[in-house]
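Letter by letter, the chains look like this.
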Amino acid sequence: MKVLVPVKRVIDYNVKVRVKADNTGVDLANVKMSMNPFDEIAVEEAIRLKEAGKASEIIVVSVGVKQSQETLRTGLAMGADRAILIEAAETVDTDVEPLAVAKLLAKVVEEEQPGLVLLGKQAIDNDCNATGQMLAAVLGWPQATFASKLEITDDGAQVIREVDGGLQTIKIKTPAIVTVDLRLNEPRYASLPNIMKAKKKPMEMKTPADYGVDVSPRLEVVKVVEPASRQAGIKVGSVAELVDKLKNEAGVI
Amino acid sequence: MAVLLLAEHDGSAVSESSLKALTAVAPLGAETHVLVAGGGSKAAADHAATLQGVSKVLHLDDEAFSVRLAEPYAALIAAQAANYEHIVAAATASGKNIMARVAGLLDVMILSDVTAIESADTFERPIYAGNAIMTVKSKDAKKVVTVRTATFSAAEAGGAAVVEAITAPGDDASLSEFVSEDKAQTDRPQLTSAKVVVSGGRALGSSENFAIIDRVAEKLNAAVGASRAAVDSGYAPNDYQVGQTGKVVAPDLYIAIGISGAIQHLAGMKDSKVIVAINKDEEAPIFQVADYGLVADLFEAAPELEKELEKVAG
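Residues numbered from 1 in each chain as written. Chains lettered and ligands numbered in written order. Predicted model: local features only at pLDDT ≥ 70, side-chain atom pairs only at ≥ 80, totals over all residues. Heavy atoms only, no water.

Draft legend 1. Focus on the sheet that holds strand 5 (residues 82–87) of chain A. Ordered by their spatial adjacency, ten strands build an open sheet running 11(A)-5(A)-4(A)-1(A)-6(A)-10(A)-7(A)-8(A)-9(A)-11(B), and the pairing between neighbours is mixed. The sheet is open, and its two borders are formed by strand 11 (203–206) of chain A together with strand 11 (176–183) of chain B, each paired with just one other strand. When strand polarity is set aside, the average angle formed by the axes of neighbouring strands in this sheet is 30 degrees. As judged from the seven bridges shared by strand 9 (residues 166–173) of chain A and strand 11 of chain B, these two strands associate in the antiparallel manner. In the strand pairing of strand 11 of chain B, Ile170(A) is matched with Phe178(B). Strands strand 1 (2–6), strand 4 (57–64), strand 5 and strand 6 (116–120) of chain A of the sheet are contacted by helix 3 (residues 98–112) of chain A, whose axis makes an angle of about 140 degrees with strand 5 of chain A. (Pairing = 2+ DSSP bridges. Helix = DSSP H or I, 4+ residues; strand = E, 2+ residues; numbered from the N terminus. Axes fitted to C-alpha atoms, helices over the stretch in contact; angles between N-to-C directions. Contact = heavy atoms within 4.5 Å.)

So this is what it looks like as structure tokens:
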């Protein structure tokens, strides 16, 4: 079974996000970019499936700017076998929408015929939480979102999902889409020899035109602003003073 | 055109989060229909019919919809979509699972985690873990929306809508199958709807020590939350997690105990009305958002807080 893992290049999760002064977006010039953390977990899971003999080949694919090559190389260094870059944006400020990404990925799925598509539940930049579900819809495939445990069975997969108030276990037929949550695994670091080896692994370069997919956005960004900031309040000297303030000043207890 | 709201329910009543989503769509000023599906869900459909702002309830009494699997639900909603310009659900785990699939089926972009509806086509939503707020205008004919409900109040009674029975579009249930559900049993209020939330962080040091948080919460009839650090360390279950990768809450009172206040945690609770922070590190970022800060060792302060609260209650 081939496993396809879509990965996204996003602002590194440790970088402080700054809104641009002209309110058109977030400042992405000269900031550290990394693989979306949820996608890293998806890559790790695919590698574990391969190590367990459940997956035959892992293909990482990214949709975005040319520099997404670096993100794909990270995936290859972790252990993926080959990569596909669909260059769909010219500048880092262009975020290709999940719907367009899903349509491109559907075309890749048609060509590659994977048994499983594993991807992060959301990207930490646009926070849409949508690409996996949309890809499942476009393909008419089953979906298991927010996975915290994945088990490949004879006729499909059993997935434990993080839901409100607890965990849900479902069975899905394969081929299927699985989106991963934080607790599924802890991704490995790529070793230096593997980073060197990854440079020689194949990477195919494509464009949306190659797949005949229109990636023009459906949402127009009106503005991006800083969130309303909260003023720091006061320090209290004791628990008794705190309870008194909560009761008599704030009136919340 | 009208609005279709997907209701979550327990069979007898519409959920708190769906009631809040109903309030959120009010600015659209459009006729609002509520979809209630599931076996033996007549009482929930009747409840939906009594809500203010609801003009019709679409009711599907079908066992296949009792567990909220994305495939049949998305097919059901897509089959109803022709009559609606807005299709909305609360941004719960289930809402996010289903609605993005609906958008994919309808070939429109999803508007996820919307915090304000400005007009029929313009929406506000947080991005980058709430570190930026984006306003977007949709060019799609249909808008599929999930609403981040934390800051909305629940819709109240005051309507008398008709309940119309509908049928499922066909069998799409073969793609996935429900096996089991393991939900935490608790008498406490739900984290996302509680008036008071008490959360613990990594400073608690162990899952046994996390009971300190439980005891304070009990005195306030509060829900219990945790930082991601506490969850990752195994001190609290994952569904306690408050933050960008967990739940977003906005209670009247939020008490953070032993939580440093990482950006990802603040994104999940900074809309709370009153924030209290107890931390022994006076430089902890949590104090920058707290209305009342107490620099103290939580192992001394929390038991004392428990006692003081008891006095107040008594």
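Draft legend 2. Examining the packing of aromatic side chains more closely. Counted according to the given criterion, the structure contains two aromatic pairs over all chains. Plain terms: the ring middles of Phe210(B) and Tyr240(B) are 6.3 Å apart, the flat faces sit at 50 degrees to each other, and that makes the pair tilted. Taken together, the residues Phe210(B) in the loop between strand 12 (196–200) and helix 5 (211–220) and Tyr240(B) in the loop between helix 6 (228–232) and strand 14 (253–257) connect sequence positions 30 residues apart. According to the relative accessible area criterion, Phe210(B) is buried, its value standing at 3%. Residue placement shows Lys121(A) over the ring face of Phe146(A); its charged tip is 5.9 Å from the ring centre. Of note, Arg68(B) hangs over the ring of Tyr73(B), and the distance from its end group to the ring centre comes to 4.8 Å. (Phe/Tyr/Trp six-rings, centres within 6.5 Å; stacked < 30°, edge-to-face > 60°. Buried < 20%, exposed > 50% of the residue type's maximum accessible area, 1.4 Å probe, protein only. Lys NZ or Arg CZ within 6 Å of the ring centre and 35° of its normal.)

Draft legend 3. Local environment of the environment of Asp121(B). With respect to the helices and strands, the residue Asp121(B) is situated in the loop between strand 6 (116–117) and strand 7 (122–127). Take Asp121(B): its relative accessible area is 22%, and that puts it in the partly exposed class.

Draft legend 4. Main features of the packing of helix 3 of chain A against helix 4 (residues 131–139) of chain A. Residues and elements named next belong to chain A. Where helix 3 meets helix 4, the closest approach of the two axes is 8 Å, and the angle between their N-to-C directions is 50 degrees. When the axis of helix 3 is compared with that of helix 4, the two are oblique. The two elements helix 3 and helix 4 cross, and the hand of that crossing is right-handed. Contacts between helix 3 and helix 4 involve Pro98, Leu99, Val101, Ala102, Leu105, Ala106 and Val109 from the former and Thr131, Met134, Leu135, Val138 and Leu139 from the latter. In the contact of helix 3 with helix 4, the residues fall into eleven nonpolar, one polar and no charged. (Parallel < 35°, antiparallel > 145°, perpendicular 65-115°, else oblique. Left-handed = near helix turned anticlockwise from the far one by under 90°. Nonpolar A, V, L, I, M, F, W, Y, C, P; charged D, E, K, R; others polar.)

Draft legend 5. Fine view of the packing of helix 7 (residues 239–248) of chain A against helix 8 (residues 298–313) of chain B. The N-to-C vectors of helix 7 of chain A and helix 8 of chain B enclose an angle of 45 degrees; their axes lie 9 Å apart at closest approach. Judged by the angle between their axes, helix 7 of chain A and helix 8 of chain B are oblique. Here helix 7 of chain A runs over helix 8 of chain B; the crossing is right-handed. Between helix 7 of chain A and helix 8 of chain B, the residues in contact are Val239(A), Ala240(A), Leu242(A), Val243(A) and Lys247(A) and Ala301(B), Glu304(B), Leu305(B), Glu308(B), Leu309(B) and Val312(B), respectively. The residue inventory of the contact of helix 7 of chain A with helix 8 of chain B, partitioned by class, reads eight nonpolar, no polar and three charged.

Draft legend 6. Quick look at a nonpolar patch on the surface. All names here are of chain A. A grouping of Leu192, Ile195 and Met196 is seen on the molecular surface, where their side chains present a nonpolar patch of about 290 Å² in accessible area. With respect to the helices, strands and loops of the structure, Leu192 is situated in helix 5 (residues 192–198). In this structure Leu192 comes out as exposed when scored by relative accessible area, which is 60%. (Patch = residues over 30% accessible without salt bridge, like charges linked within 9 Å, V, L, I, M, F, W, Y side chains within 5 Å. Areas by Shrake-Rupley, 256 points an atom, 1.4 Å probe, with all protein chains shown as cover. Salt bridge = Lys/Arg side-chain N within 4 Å of Asp/Glu carboxyl O.)

Draft legend 7. View of the interface of chain B and chain A. Counting from both sides, the interface comprises 78 residues of chain B and, opposite them, 77 residues of chain A. In this assembly, chain B packs against chain A so that about 6,600 Å² is buried in total across both faces, 58% of it on carbon and sulfur atoms. Per-residue buried area on chain B facing chain A is highest for Met109(B), Tyr128(B) and Tyr292(B); these three make up 13% of the total on that side. In this assembly, chain B and chain A are joined by four salt bridges. Between Asp291(B) and Arg230(A) there is a salt bridge, and its shortest N-O distance comes to 2.8 Å. Along the contact surface separating chain B from chain A lie 41 residue pairs in polar contact (both at pLDDT 80 or more). Across the side of chain B that touches chain A, the residue classes break down as 37 nonpolar, 17 polar and 24 charged. (Buried area = accessible area lost by both parts, 1.4 Å probe. Polar contact = N/O pair within 3.5 Å; in protein donor to acceptor, adjacent residues only side chain to side chain.)

Draft legend 8. Geometry of the side chain of Gln241(B). Residues and elements named next belong to chain B. Here Gln241 shows up in the loop between helix 6 and strand 14. In this structure Gln241 comes out as buried when scored by relative accessible area, which is 2%. Leave out the neighbours within four places in its chain, and Gln241 touches Ala226, Ser227, Arg228, Val231, Gly246, Lys247 and Gln264.

Draft legend 9. Region of interest: the nonpolar core. Ranked by internal contacts, the top residues of the largest apolar core, which has 100 residues, are Ile77(B) and Met99(B). With nine residues, helix 3 of chain A is the largest single contributor of residues to this core. By size, the runner-up hydrophobic cluster in this structure holds 42 residues, among which are Val60(A), Leu72(A), Ala83(A) and Leu69(B). (Core = buried A, V, L, I, M, F, W, Y, C linked by side-chain atoms within 4.5 Å.)

Draft legend 10. Region of the structure containing helix 5 of chain B. Residues and elements named next belong to chain B. Burial in helix 5 covers these residues: Ile212, Ile213, Val216, Ala217 and Leu220. Seen from one end, helix 5 has its buried residues packed into an arc of 135 degrees, which puts them on one side. For helix 5, the elements touching its buried residues are strand 12, strand 13 (223–226), strand 14 and helix 8. A positive phi of about 45 degrees marks Asn221, the residue just after helix 5. (Arc of directions from axis to C-beta.)

Draft legend 11. Broad picture of the sheet that holds strand 9 (residues 143–147) of chain B. Residue and element names in this part refer to chain B. The seven strands are arranged 5-9-4-1-2-3-10 in an open sheet whose pairing can be described as parallel. At either margin of the open sheet sits one strand with a lone partner, and together these are strand 5 (110–114) and strand 10 (162–165). For this sheet, the mean inter-axis angle between neighbouring strands, taken without regard to orientation, is 25 degrees. Sheet contacts for helix 4 (residues 93–106): strand 1 (2–6), strand 4 (84–90), strand 5 and strand 9; angle to strand 9, the most-contacted strand, approximately 170 degrees.

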